[in-house]
Amino acid sequence: LFSSVRDLYSQFLKEMIIQPGIAKANLGVSREDVTLEDHPLNPNPDSRWNTYFKDNEVLLQIDKDVRRLYPDMAFFQRPTDYPCLLILDPQNEFETLRKRVEQTTLKSQTVARNRSGVTNVSSPLKTTPNSLSEYEVLPNGCEAHWEVVERILFIYAKLNPGIAYVQGMNEIVGPLYYTFATDPNSEWKEHAEADTFFCFTNLMAEIRDNFIKSLDDSQCGITYKMEKVYSTLKEKDVELYLKLQEQNIKPQFFAFRWLTLLLSQEFLLPDVIRIWDSLFADDKRFDFLLLVCCAMLTLIRDQLLEGDFTLNMRLLQDYPISDVHLILKKAKELQDSK
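Note that the coordinates shown come from a computational prediction; the quantities given were computed from them, not determined experimentally.

Peer 1: Residue-level account of empty space enclosed by the protein, with values.
Peer 2: With the rule as written, the count across this model stands at 2 cavities of 30 Å³ or more. Of the pockets and cavities examined, the second largest cavity occupies roughly 60 Å³. Ile87, Thr96, Leu97, Arg98, Glu143, Glu147, Glu150 and Arg151 together form the lining of the second largest cavity. Within the residue set of the lining of the second largest cavity, elements represented by two or more residues are α5 (97–110) and α6 (145–159).

This is the structure we're talking about:
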């Protein structure tokens, strides 16, 4: 089963990253090709060039987000021991996603229109801060772990055009990839990219509704889940619930992030993995997450009951307890106290 799934992923790489690169190289190099129906200015929405430019918009957003993954850890900036040979094969002259981003970024930085419609061409050397130059670029033949994550998200976006890529998905794929890529068994490590892709796809099938704005108020949407955190809190600790209501602290101020990103932003990565262990073992599929959120609130109830709006918002936005075992134990107590 594993090998057939991994072969399928190789197929995705060929179709979605390698072939567009080859097509672009061919179309750009051969003068006569440009006169055929498919050329960069072709307005047809089915044009390969049109798709290529559209994909670049998604790619730039993914790129910005994955470079910032877990900045407190060096892991994602380090080179992987198993770069994608299909893509880095020196025989192939097509572009990697890294090159594609560099070219797109340079073009957008170089060409800037001024108000009179005249195009100012600024020096590409004077890049803005925050640009690619901030990052240490690994030598050819090497890939940083964040580049692997970028490829996973790009292929997911291509295969799921209905949702494509939404900011925050990078925080969901990060812990999955880290788990596979640091496995002591080298076979798991070697196939971390393909295995992460399919685990991420399965996980997104269950939580994608959190990322779809049009579903916000439906029973599977995020607003419903946030309200459920408060109704569960009301049941377990009415005094704390009333205090938050009285201060007009709405669940979307903090629970939106907690629920959408499965708490991946609130704790250090090893602790996130420990929490996810409990979440994925929940046969009711993430009902336990609501209890974990309630546990997090009740564990700081004394501070919340004493604090004013500003202080309490600070506590909820930057959660003060880092002991996840304590939080999970409290969530289990709440679950058993039904």
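Peer 1: Outline the packing of aromatic side chains, listing residues and values.
Peer 2: A full pass over the atoms with the stated rule returns 16 aromatic pairs. Taking 4.9 Å as the distance between ring centres and 65° as the angle between the ring planes, the aromatic pair formed by Phe254 and Trp258 counts as edge-to-face. Trp258 shares its class with Phe254; the two are buried. Judged by centre distance (6.0 Å) and plane angle (85°), the rings of Trp258 and Tyr319 are edge-to-face. Within this pair, whereas Trp258 is found in helix α12 (residues 255–260), its partner Tyr319 is found in the loop between α16 (309–317) and α17 (324–336), the two being separated by 61 residues in sequence. Each member of the pair, Trp258 together with Tyr319, is buried. Cluster of aromatic residues (ring-pair linked, three or more members): Tyr230, Tyr241, Phe254, Trp258, Phe267 and Tyr319. The ring of Trp188 is capped by Arg6, whose NZ or CZ atom sits 5.8 Å from the centre of that ring.

Peer 1: Residues and numbers for the packing of helix α14 (residues 287–299) against α17, please.
Peer 2: One can describe the packing of α14 onto α17 by two numbers: an axis separation of 8 Å at closest approach and a directional angle of 110°. Here α17 runs roughly perpendicular to α14, going by the angle between their axes. α14 and α17 meet at a crossing whose hand is right-handed. Touching Phe288, Leu291, Val292, Cys294, Ala295, Met296, Thr298 and Leu299 of α14 are Leu326, Ile327, Leu328, Lys330, Ala331, Lys332, Leu334 and Gln335, all from α17.

Peer 1: Run through the layout of surface pockets, naming residues and quoting values.
Peer 2: If you add up the space inside the largest pocket, you get close to 500 Å³. Looking at the lining of the largest pocket, the elements that each hand over two or more residues are α1 (2–29), α4 (85–88), α6, α7 (169–181), α8 (186–190) and α9 (192–207). When residues in the lining of the largest pocket are grouped by element, the largest group, 5 residues, is from α1. Class assignment of the residues belonging to the lining of the largest pocket gives a composition of 13 nonpolar, 4 polar and 6 charged.

Peer 1: With reference to specific residues and values, describe the side chain of Glu171.
Peer 2: With respect to the helices, strands and loops of the structure, Glu171 is situated in helix α7. When neighbours within four sequence positions are excluded, Glu171 is seen to be in contact with Leu69, Tyr70, Leu261, Ser264, Gln265 and Trp276.

Peer 1: Lay out the pattern of salt bridges in plain terms, naming residues and giving numbers.
Peer 2: Across all of its chains, the model carries 14 salt bridges by this definition. Notably, a salt bridge pairs Asp65 with Arg68, separated by 3.0 Å at the nearest N-O pair. Sharing partners across several salt bridges, the network here consists of Asp237, Glu239, Arg301 and Asp302.

Peer 1: I'd love a proper account of α7, names of residues and values included.
Peer 2: If you check α7, its first and last C-alpha atoms are 18 Å apart, about what 13 residues at 1.5 Å a residue would give, namely 18 Å. Across the 13 residues of α7, 12 count as buried, placing the element largely inside the fold. For α7, the complete set of buried residues consists of Met169, Asn170, Glu171, Ile172, Val173, Gly174, Pro175, Leu176, Tyr177, Tyr178, Phe180 and Ala181.

Peer 1: Describe unusual backbone geometry, and please don't skip the residues or the numbers.
Peer 2: Most peptide bonds are trans, and most residues other than glycine sit at a negative phi. One non-glycine residue with positive phi stands out, namely Ala164, at about 55°. Notably, Leu263 is not glycine yet its phi reads approximately 65°, a positive angle. Position of Leu263 relative to the elements: it lies in the loop between α12 and α13 (269–280).

Peer 1: Describe in detail the packing of α13 against α17, supporting the description with residues and values.
Peer 2: Two elements in contact, α13 and α17, have axes separated by 10 Å at closest approach and are oriented at 20°. Relative to α17, α13 is oriented roughly parallel. Like other packed secondary-structure pairs, α13 and α17 cross with a definite hand, here right-handed. Contact residues: Asp271, Arg274, Ile275 and Ser278 in α13; Val324, His325 and Leu328 in α17. Considered class by class, the residues forming the contact of α13 with α17 number 3 nonpolar, 2 polar and 2 charged.

Peer 1: Quick one: what's the story with the environment of Asp195, residue by residue and with numbers?
Peer 2: Relative to the elements of secondary structure, Asp195 occurs in helix α9. Given a relative accessible area of 7%, Asp195 falls into the buried group. Taking the C-alpha atoms as reference points, Asp195 and Arg6, separated by 189 residues in sequence, lie 7.2 Å from one another. Not counting residues within four places of it along the chain, the set of residues in contact with Asp195 comprises Arg6, Phe180 and Trp188. A polar contact of 2.8 Å, which involves the side chain of Asp195, links it to the side chain of Arg6.

Reading the values: rules and limits
- Residues numbered from 1 in each chain as written.
- Predicted model: local features only at pLDDT ≥ 70, side-chain atom pairs only at ≥ 80, totals over all residues.
- Heavy atoms only, no water.
- 1 Å grid on protein atoms, 1.4 Å probe; cavity = no way out; pocket = protein on both sides within 12 Å on 5 of 7 lines; lining within 4 Å.
- Points joined across faces, edges and corners; volume = space filled by probe spheres on them.
- Helix = DSSP H or I, 4+ residues; strand = E, 2+ residues; numbered from the N terminus.
- Phe/Tyr/Trp six-rings, centres within 6.5 Å; stacked < 30°, edge-to-face > 60°.
- Buried < 20%, exposed > 50% of the residue type's maximum accessible area, 1.4 Å probe, protein only.
- Lys NZ or Arg CZ within 6 Å of the ring centre and 35° of its normal.
- Axes fitted to C-alpha atoms, helices over the stretch in contact; angles between N-to-C directions.
- Parallel < 35°, antiparallel > 145°, perpendicular 65-115°, else oblique.
- Left-handed = near helix turned anticlockwise from the far one by under 90°.
- Contact = heavy atoms within 4.5 Å.
- Nonpolar A, V, L, I, M, F, W, Y, C, P; charged D, E, K, R; others polar.
- Salt bridge = Lys/Arg side-chain N within 4 Å of Asp/Glu carboxyl O.
- Expected span 1.5 Å × (residues − 1).
- Polar contact = N/O pair within 3.5 Å; in protein donor to acceptor, adjacent residues only side chain to side chain.

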